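The primary structure of each chain is shown beneath.
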Amino acid sequence: MPHFKDPADTFAYLNKTARERIMMLDGGMGTRIQAEKFVEEDYRGDRFKEFTKKELKGNNDLLSITKPAIIQQIHEEYLDAGSDIIETN
């Protein structure tokens, strides 16, 4: 999918394309993240290293901050596999 700066252009593209063909959404992000076998330290990264009040493992949203390159890689895998739309993590 092309990148658009104007949300109206994005909407127009999605609307037109959806009328022409079935669009594919990305796959199971949580399942794909689990395949990476992240440990507690991966979820903490440097930013949350001192936050010790509770375990952070399993909070996949944090990986967008602590492991952004891997999250981007997973999104790119879905695009390479034919996804038209990527949901945010």
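Everything here concerns the structure above.
Overview of the structure. (Residues numbered from 1 in each chain as written. Predicted model: local features only at pLDDT ≥ 70, side-chain atom pairs only at ≥ 80, totals over all residues. Heavy atoms only, no water.)

1. A word on the nonpolar core
Met29, Ile33, Phe38, Tyr43, Leu56, Leu62, Leu63, Ile71, Ile74 and Tyr78 together form the largest nonpolar core, which totals ten residues. At the level of elements, helix H2 (29–34) and helix H5 (68–80) are the ones that each hand at least two residues to this core. Examining the composition of this core, we find that three residues originate from one element, H5, more than from any other. Those residues in contact with Leu63, other than ones at most four positions away along the chain, are Ile33, Phe38, Asp42, Tyr43, Pro68 and Ile71. (Core = buried A, V, L, I, M, F, W, Y, C linked by side-chain atoms within 4.5 Å. Buried < 20%, exposed > 50% of the residue type's maximum accessible area, 1.4 Å probe, protein only. Helix = DSSP H or I, 4+ residues; strand = E, 2+ residues; numbered from the N terminus. Contact = heavy atoms within 4.5 Å.)

2. What to know about helix H1 (residues 7–20)
The first and last C-alpha atoms of H1 sit 20 Å apart over 14 residues, in line with the 20 Å expected at 1.5 Å per residue. The N-terminus of H1 is capped by Asp6, whose side-chain oxygen sits 2.9 Å from the backbone nitrogen of Ala8. (Expected span 1.5 Å × (residues − 1). Polar contact = N/O pair within 3.5 Å; in protein donor to acceptor, adjacent residues only side chain to side chain.)

3. Quick word on the packing of aromatic side chains
As enumerated under the stated definition, the model contains two aromatic pairs in all. Arranged with centres 5.7 Å apart and planes meeting at 45 degrees, the rings of Phe4 and Tyr13 form a pair that is tilted. Residue Tyr13 is classed as partly exposed on the basis of its relative accessible area of 23%. Here the aromatic rings of Phe38 and Tyr43 are separated by 6.0 Å at their centres, their planes lie at 80 degrees, and the arrangement is edge-to-face. (Phe/Tyr/Trp six-rings, centres within 6.5 Å; stacked < 30°, edge-to-face > 60°.)

4. What to know about H5
A rise of 1.5 Å per residue sets the reference length of H5, with its 13 residues, at 18 Å; its end C-alpha atoms lie 18 Å apart and thus fit the reference within 8%. Those residues of H5 that fall on the buried side of the exposure criterion are Ile71, Ile74, His75 and Tyr78. Each buried residue of H5 lies within a common arc of 95 degrees when the element is viewed along its axis, so the set occupies one face. Those residues of H5 that are exposed and angled more than 90 degrees off the buried face are Ala69 and Asp80. Buried residues in H5 make contact with H2 and helix H4 (63–66). Downstream of H5 by a residue or two, Gly82 has a phi angle that is positive, lying close to 115 degrees. (Arc of directions from axis to C-beta.)

5. Focus on unusual backbone geometry
Even without glycine at this site, Lys37 takes up a positive phi of about 55 degrees. Within the secondary structure, Lys37 sits in the loop between H2 and helix H3 (40–44). Judged by relative accessible area, Lys37 falls into the exposed class, the value being 68%.

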